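Breakdown of the fold
Here is how the chains run, residue by residue.
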Amino acid sequence: MADMDAFREAVTAWAAGGPGEPARELAARGHVAAAVLLEGRSDAAAVDALAARRGRDLSTEGVCVLPMGGAMSVGRFAGLLGPTGLGLRLTGLCDAAERPYYARAFERAGEPRPRFHVCDADLEDELIRALGVPRVREVVEAEGESRPLQTFLRQPAQQGRTAQHQLRRFLGTTAGRKIRYGRVLVEALDPDRVPAPLGDLLDDLLGGRRDG
């Protein structure tokens with residue numbers, strides 16, 4: 001875990017213009033085989049939570065779950081990590097609006113079979129639909145946030161919006177909330193209700209690992 005955390009930090013620094021040698025050394029030492037390119041830390045929290053529920057440790061499998069700090073960075077990260085860079089297998093999870101950026105980035109990085117998974121709107125929307133509004137409200141209550149939610153729902157801007165849209169907006173209103181709910185909403189899912197993009201991503205990692 002420590003080596004994968006260090007690799008993630010080294011890659012992030014490399015993408016920001018720093019040296020690439022630390023990432024190369026850590027990739028070789030840690031036998032990193034694949035990178036999951038994600039927009040942000042809430043997506044990473046959801047991926048890690050589902051992996052844990054399925055009894056998997058992605059780090060020990062050589063998989064780096066990498067939040068990029070924004071989908072516009074996918075070209076840079078894919079180029080550094082993919083076949084034209086470190087030679088890792090690339091996959092990822094993105095919102096529907098980001099599909100063209102991912103497709104172009106993976107193609108330019110030389111990925112022979114571009115493989116990423118697309119949410120209809122975003123991952124929070126997928127999770128809310130999978131759980132259903134009543135269950136999400138139960139999760140929010142269990143997290144001790146019933147009062148903040150009710151205060152949010154009384155705002156004039158929320159009037160006339162669907163309950164699903166309101167909950168999706170609520171998750172993004174406070175720093176760190178999306179990250180926390182990325183985890184707890186996945187933990188609340190029934191095994192047969194995992195959103196297809198998220199479940200397919202984990203299945204893809206299981207079935208597509210590269211040796212060496």
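All of these numbers come straight from a predicted model, not from anything done at the bench.

1. Points about the overall build of the chain
When you go through the chain residue by residue, the secondary structure sums to eleven helices and four strands. On C-alpha atoms alone, the chain measures out to a radius of gyration of 18 Å, which is about the 17 Å that the 2.2 N^0.38 rule sets for 212 residues. Its C-alpha atoms give the chain principal-axis dimensions of roughly 50 × 35 × 30 Å. The buried share of the chain, reckoned over its 212 residues, is 49%. Put simply, the chain has 29 plus and 30 minus side-chain charges, and the middle of one group is 4 Å from the middle of the other.

2. Some thoughts on the sheet that holds strand β2 (residues 63-67)
Spatial strand order, β2-β1-β3-β4: four strands in an open sheet with parallel pairing. On the outer flanks of this sheet lie β2 and β4 (117-119), each paired with one strand and no other. On average, each strand axis in the sheet is inclined to that of its neighbour by 15°, with strand direction left out of account. Direction of pairing for strand β3 (residues 89-95) relative to β4: parallel, over a ladder of three bridges. Bridging from a neighbouring strand, Cys94 pairs with Val118 of β4. Sitting on the sheet, helix α4 (residues 74-81) touches β1 (34-38), β2 and β3, and the angle it makes with β1 is about 175°.

3. Some words on helix α8 (residues 146-153)
All of the buried residues along α8 are Leu149, Phe152 and Leu153. Viewed along the axis of α8, the buried residues span an arc of 95°, placing them on a single side of the element. Where the residues of α8 are buried, they touch α7 (133-142) and α9 (163-171).

Cut-offs and rules
- Residues numbered from 1 in each chain as written.
- Predicted model: local features only at pLDDT ≥ 70, side-chain atom pairs only at ≥ 80, totals over all residues.
- Heavy atoms only, no water.
- Helix = DSSP H or I, 4+ residues; strand = E, 2+ residues; numbered from the N terminus.
- Rg over C-alpha atoms; globule rule 2.2 N^0.38 Å.
- Buried < 20%, exposed > 50% of the residue type's maximum accessible area, 1.4 Å probe, protein only.
- Lys, Arg positive; Asp, Glu negative; His and termini not counted.
- Charge placed at Lys NZ, Arg CZ, Asp CG, Glu CD.
- Pairing = 2+ DSSP bridges.
- Axes fitted to C-alpha atoms, helices over the stretch in contact; angles between N-to-C directions.
- Contact = heavy atoms within 4.5 Å.
- Arc of directions from axis to C-beta.

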